[in-house]
Amino acid sequence: MTEETTGQGDPTDVGFWRPLRRLQDAMDAEIARLYAEHGVDVRPRHTMPLIRLGRLGPMTIRRLAETTEVTHSAMSQTVASLRGDGLVATRPGDDARTRVVELTDAGRELLPFLEAEWRATEAAVAELDAELPYAFSRVVADMAAALERKPFRDRIAERLPDAP
């Protein structure tokens, strides 16, 4: 018997989400290229926090994480990077455990471009979605509905062999 017939080969050789991640990475790379062409030195994943700070004003790292739907840890890393780039500043919050994040002048100067790019990107994605025979936005909604009916955890657990 071979690994292929027993199904005991490297399980990471199969990755359902890998093509989607590659697609998103490629699209992000195109956005980064557009930024570079316009002299904007910002990572595409930093755009949303910058826009939220511009729209909502200074806020704690925790609140910024909540508004952008990422973990506190991920946002702490993003804020550290943005601070290093001179786009945000931080100051102590109401207690010793919190830090308040606010845009610097350099960060505020980027907002008109970042907001215009965000709107243009959303319009381009909507156009792309409309070209598909089965809209990706529908796929996402249908998958979310299926997971409401039967959670992902349950789908995985029923396929796991009994624990040793």
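Here, every reference points to the structure presented above.
Predicted model, so just to flag it, every value in this text is computed and none were measured. Along every chain, residues carry numbers that run from 1 in the direction the sequence is written. Local features in this predicted model are restricted to residues whose pLDDT is 70 or higher, and side-chain atom pairs enter the listing and the counts only when it is 80 or higher, whereas totals over whole chains, interfaces and linings include all residues. Based on all heavy atoms of the structure, the side-chain values leave hydrogens and waters out of the count.

*Asks:* When you look at the packing of aromatic side chains in this model, what are you seeing that I'm missing?
*Replies:* Think of it this way: a Phe, Tyr or Trp ring, Trp meaning its six-membered ring, pairs with another when their centres are within 6.5 Å, and the plane angle makes it stacked under 30 degrees, edge-to-face over 60, tilted otherwise. According to the stated counting rule, one finds 2 aromatic pairs in the structure shown. Arranged with centres 4.9 Å apart and planes meeting at 85°, the rings of Phe16 and Trp17 form a pair that is edge-to-face. For Phe16, a relative accessible area of 64% puts it in the exposed group. A centroid spacing of 5.6 Å and a plane angle of 70° characterise the contact between Tyr35 and Phe113, whose relative ring orientation is edge-to-face. One end of the pair, Tyr35, is in helix α2 (residues 18-37); the other, Phe113, is in helix α6 (residues 105-131), with 78 residues separating them in the sequence. On the basis of relative accessible area, Tyr35 is assigned to the buried category, the value being 1%. Buried residues are those whose accessible area, probed at 1.4 Å on protein chains only, stays under 20% of the maximum for their type, while exposed residues exceed 50% and partly exposed ones sit between those limits. On the basis of relative accessible area, Phe113 is assigned to the partly exposed category, the value being 22%. Helix and strand assignments come from DSSP, with helices taken as H or I runs of at least 4 residues and strands as E runs of at least 2, each series counted from the N terminus.

*Asks:* Can you walk me through the packing of helix α3 (residues 47-56) against helix α4 (residues 61-68) in this structure?
*Replies:* The relative placement of two packed helices is expressed as an angle between their axes plus a distance between the axes. What counts as an axis is a line fitted to C-alpha atoms, over the stretch in contact for a helix, and the angles between N-to-C directions run from 0 to 180 degrees. For the pair α3 and α4, the least separation of the axes is 10 Å and the interaxial angle reads 110°. Considering the angle they form, α3 stands roughly perpendicular to α4. Read as a crossing pair, α3 and α4 show a hand that is right-handed. Of the residues in α4, those in contact with Met48, Pro49, Arg52, Leu53 and Leu56 of α3 are Leu64, Thr67 and Thr68. Residues are grouped as follows: Ala, Val, Leu, Ile, Met, Phe, Trp, Tyr, Cys and Pro are nonpolar; Asp, Glu, Lys and Arg are charged; every other residue, Gly included, is polar. Looking at the contact of α3 with α4 residue by residue, the class counts come to 5 nonpolar, 2 polar and 1 charged. Put simply, angles under 35 degrees are roughly parallel, angles over 145 are roughly antiparallel, angles from 65 to 115 are roughly perpendicular, and the rest are oblique. Crossing handedness is read from the near helix: turned anticlockwise from the far helix by less than a right angle, it gives a left-handed crossing, and turned clockwise, a right-handed one. Residue contacts are counted whenever heavy atoms from the two residues lie within 4.5 Å of one another.

*Asks:* Please clarify how the pairing of strand β2 (residues 88-92) should be interpreted in this entry.
*Replies:* Where a strand is regular, its side chains alternate between the two sheet faces. A pair of strands is labelled paired if DSSP reports no fewer than 2 bridges between them. Bridge analysis of β2 against strand β3 (residues 99-103) gives 5 bridges, and the strand direction is antiparallel. From the neighbouring strand, Thr90 faces β3, where its bridge partner is Val101. Linking β2 back to β3 in an antiparallel pair, the connection comprises 6 residues.

*Asks:* Looking at this model, I keep getting lost on α4. Mind explaining?
*Replies:* Helical periodicity: at 3.6 residues per turn, an α-helix aligns residues three or four positions apart in one direction. All buried positions along α4 are accounted for by Ile61, Leu64, Ala65, Thr67 and Thr68. In a view along the axis of α4, the buried residues occupy a sector of 165°, so they form one face of it. If you follow the buried residues of α4, they end up packed against α3, β1 (59-60), α5 (72-84) and β3. For this quantity, the arc is that covered by the directions from the helix axis to the C-beta atoms.

*Asks:* How should I be thinking about the sheet that holds β2 in this particular structure?
*Replies:* Strand pairing in a sheet relies on backbone hydrogen bonds. The paired strands run either parallel or antiparallel. Taken in spatial order, the 3 strands make up an open sheet running β1-β3-β2, and their pairing is antiparallel. Only two strands of the sheet have a single neighbouring strand rather than two, namely β1 and β2.

*Asks:* Before we go on, may I ask you to explain the pairing of β3 in this structure?
*Replies:* The sheet contact formed by β1 and β3 spans 2 bridges and is antiparallel. Considered in β3, the bridge of Met59 is made with Val101.

*Asks:* Where do I start with the pattern of salt bridges in this structure?
*Replies:* A side chain of one charge can pair with a side chain of the opposite charge if their charged atoms are brought near each other. Salt bridges are defined as contacts in which a side-chain nitrogen from Lys or Arg sits within 4 Å of a carboxyl oxygen from Asp or Glu. Across all of its chains, the model carries 12 salt bridges by this definition. Where Arg33 meets Glu30, a salt bridge forms, and the shortest distance between an N and an O atom there is 3.4 Å. Separated by 3 residues within a single helix, Arg33 and Glu30 lie in helix α2, roughly one turn from each other. Arg33 sits in the partly exposed class, given a relative accessible area of 48%. Judged by relative accessible area, which is 46%, Glu30 ranks as partly exposed. A salt bridge links Arg159 to Glu158, with the shortest nitrogen-to-oxygen separation between them at 3.0 Å. Connected via shared salt-bridge partners are Glu30, Arg33 and Glu37.

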